Amino acid sequence: MIDIGVNFTNKRFDKDRSDVIQRAKNNGVSSFLVTGTNIDESKNALALCQQFPDYLSCTAGVHPHDADHVSANYLEEITELASHHHVKAIGECGLDFNRNFSAPAQQIKVFQQQIDLAVSLELPLFLHQRDAFEPWFELLTPVFDKVPAMVSHCFTSNKVELERCLAAGMYIGITGWLCDERRGQELRDIVQYIPLNRLMIETDAPYLTPRTIRPKPRSSRNEPAYLPYVVKTYAEITGYAPQVIIEQSTANAQQVFNLPISTVSK
């Protein structure tokens, strides 16, 4: 399994990153991508990849929450980060009109700039979207065939939006949101429509801990070792065999993010 989205720079991992990686390996996670959410965090993500070079890869970009705080040369900084082979995509970037931690107009500007950068660098886009589907999709439409791939990270939208993303050729990232029948029922109702060749799995750790973990962990912190719970729930809902889900989602991640084919060494 490959976990395509881990916020591994989060301070909740500061005390035990090596242990987190070992637990992930022990649970069949062959590698994971560290999510870059702003320039500092993207630099930290790359540093972690350099610390664990045989296991980690990362993204580099600016999350919409951080759009108001970009520097004048932030695109040059992302470009420099992307020159390192550990950096596999531009992002996490997109639009978030749910909380508007950054002004919508600035979110749009920074998102457009990162889209253009991904085109010029020929890198995939690792995408965020919340309560902003129409403008988000409109900005992406001109470049559907101009970037290697687009991944709709932590997808939680409805069937209509899912169908539009799939028709545009996007990959769909599914998290432990699927394991929450309270908040995630709409997603549970539509995952059957995701073709396996467009599926990716992720934890978004330390967030979105699967509610299906038994016994319930003492800590609320999610981690990549819990990725099998996402697979298990996906299998229960769709009827696909867990191993089929694992093999296809792994192949998708390897192809999109140019990851080596490897086996987990415990």
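As a reminder, the structure under discussion sits directly above these lines.
Residues numbered from 1 in each chain as written. Predicted model: local features only at pLDDT ≥ 70, side-chain atom pairs only at ≥ 80, totals over all residues. Heavy atoms only, no water.

S.K.: For the overall build of the protein chain, give the residues involved together with the corresponding values.
M.R.: For the protein chain, the count of helices and strands is nine helices and eight strands. The globule rule puts the C-alpha radius of gyration for 266 residues at 18 Å, and the 17 Å found for the protein chain is close to it. For the protein chain, the spread of C-alpha atoms along the three principal axes comes to 50 × 40 × 30 Å. Looking at the protein chain as a whole, 55% of its 266 residues are labelled buried. (Helix = DSSP H or I, 4+ residues; strand = E, 2+ residues; numbered from the N terminus. Rg over C-alpha atoms; globule rule 2.2 N^0.38 Å. Buried < 20%, exposed > 50% of the residue type's maximum accessible area, 1.4 Å probe, protein only.)

S.K.: Explain the sheet that holds strand β1 (residues 2-6) to me, and be specific about the residues and the numbers.
M.R.: Overall, parallel pairing links the eight strands, which are arranged β1-β2-β3-β4-β5-β6-β7-β8 in an open sheet. Both edges of this open sheet fall to β1 and β8 (199-201), since each of them pairs with a single strand only. The mean angle between the axes of side-by-side strands here comes to 30°, regardless of whether they run parallel or antiparallel. Summarising the sheet, strand β3 (residues 56-60) and strand β4 (residues 87-96) pair through three bridges and their orientation is parallel. Across the sheet, residue C58 finds its bridge partner in β4, namely V87. (Pairing = 2+ DSSP bridges. Axes fitted to C-alpha atoms, helices over the stretch in contact; angles between N-to-C directions.)

S.K.: Tell me about the pattern of salt bridges, and name the residues and values.
M.R.: Summed over all chains, the structure comprises 12 salt bridges. Note that E77 and K43 form a salt bridge whose closest N and O atoms lie 3.1 Å from each other. Placement of the pair is E77 in helix α3 (residues 74-82) and K43 in helix α2 (residues 39-51), with a sequence separation of 34 residues. Residue class for K43 comes out partly exposed when judged on its relative accessible area of 38%. The salt bridge partner of E181 is R211, with a shortest N-O separation of 2.8 Å. Of the two residues, E181 sits in the loop between β7 (171-174) and α7 (185-190) while R211 sits in the loop between β8 and α8 (227-238), which places them 30 residues apart along the sequence. One salt-bridge network, in which partners are shared between bridges, spans D16, R23, R221 and E223. (Salt bridge = Lys/Arg side-chain N within 4 Å of Asp/Glu carboxyl O.)

S.K.: Before we move on, could you go through the side chain of N222 and cite the residues and values that matter?
M.R.: One can find N222 in the loop between β8 and α8. Of the residues examined, N222 reaches a relative accessible area of 1% and is grouped as buried. Looking at N222, its side chain comes within polar contact range of the main-chain oxygen of L208, at 3.2 Å. When sequence neighbours within four positions are dropped, the list of residues in contact with N222 reads F13, T203, A205, P206, Y207, L208, T209 and P210. (Polar contact = N/O pair within 3.5 Å; in protein donor to acceptor, adjacent residues only side chain to side chain. Contact = heavy atoms within 4.5 Å.)

S.K.: How would you sum up helix α6 (residues 159-167)? Please name residues and give values.
M.R.: One turn of an α-helix holds 3.6 residues; hence residues three or four places apart share an orientation. Among all positions of α6, only E161, L162, C165 and L166 are buried. Considered in projection along α6, the buried side chains sweep an arc of 135° and stay on one side of the axis. Along α6, the residues that are exposed and aim more than 90 degrees away from the buried face are V160 and A167. Packing partners of the buried residues in α6 comprise β5 (125-130), α5 (133-140), β7 and α7. For α6, the capping residue at the N-terminal end is N158, with a side-chain oxygen 3.2 Å from the backbone nitrogen of V160. Immediately beyond the C-terminal end of α6, within one or two residues, lies G169, with a positive phi of roughly 90°. (Arc of directions from axis to C-beta.)

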